[in-house]
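Here are the chains, one letter per residue:
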Amino acid sequence: MIRKLCSASIVAVLVSAAAPALAADTATPQSSDVFGVWRNPKGSVHIEIKPCGPETCGYVVWANAEAQADAKKGSNRGLVGMQLLRDFSSSGANEWKGKVFVPDLNMTFSGQVRLLSRASLRAKGCLLPNFLCKSQVWTRVETAAFTGRAL
């Protein structure tokens, strides 16, 4: 009986300690939550999304060697420091539309970013508006751990 009470107390303490972190991650995202560093699904590119005047933009802050080589082949430019998201403006609740530059294709497409949670967003690029589209879910990089090196 005492063992069950102790186990129940430990579980209650752990759940109450974890609750704020879980709530913060599942809480309804705010539009400013889009700002920060995000990584693509492969973990090969990190982009910092930030305000750029009245609009929102995104710059590459880190890329692995393969992504850098692909960008160099397509656009003949270095990937780190390159602006990939430009002219993004709000198009709805936690949603922005603008232009996406794809360096390995050396082309710009219409794009959309939708904040899914504080920890994830859906990035979508289309050849024409809502035609021949590709989307990916990107994950937030914790900036406290970000040092400008490969993570």
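Computed from a predicted structure; not experimentally measured. (Residues numbered from 1 in each chain as written. Predicted model: local features only at pLDDT ≥ 70, side-chain atom pairs only at ≥ 80, totals over all residues. Heavy atoms only, no water.)

Participant: Help me understand a nonpolar patch on the surface in this model?
Facilitator: A surface patch of nonpolar side chains, about 590 Å² in accessible area, is lined by Leu105, Met107, Leu127, Leu128, Phe131 and Leu132. Mapped onto the nonpolar patch, the elements with two or more residues apiece are strand S7 (120–128) and strand S8 (131–141). Within the secondary structure, Leu127 sits in strand S7. (Patch = residues over 30% accessible without salt bridge, like charges linked within 9 Å, V, L, I, M, F, W, Y side chains within 5 Å. Areas by Shrake-Rupley, 256 points an atom, 1.4 Å probe, with all protein chains shown as cover. Salt bridge = Lys/Arg side-chain N within 4 Å of Asp/Glu carboxyl O. Helix = DSSP H or I, 4+ residues; strand = E, 2+ residues; numbered from the N terminus.)

Participant: What is the right way to read the state of the cysteines from this model?
Facilitator: By definition, a disulfide links the sulfur atoms of two cysteines through a covalent bond. Per the counting criterion, the structure on display carries 2 disulfides. Across a sulfur-sulfur distance of 1.6 Å, Cys52 and Cys57 are joined as a disulfide pair. Residue class for Cys52 comes out partly exposed when judged on its relative accessible area of 29%. Judged by relative accessible area, Cys57 falls into the buried class, the value being 2%. The connectivity of the disulfide-linked cysteines in the protein, indexed sequentially, is 1-2, 3-4. (Disulfide = S-S within 2.5 Å. Buried < 20%, exposed > 50% of the residue type's maximum accessible area, 1.4 Å probe, protein only.)

Participant: Got a minute to help me understand the environment of Asp104 in this structure?
Facilitator: Looking at the element boundaries, Asp104 is found in the loop between strand S5 (95–102) and strand S6 (107–115). What makes Asp104 partly exposed here is its relative accessible area of 43%. Separated by 30 residues in sequence, Asp104 and Gly74 place their C-alpha atoms 4.0 Å apart. If sequence neighbours within four positions are ignored, Asp104 has contacts with Asp70, Ala71 and Gly74. (Contact = heavy atoms within 4.5 Å.)

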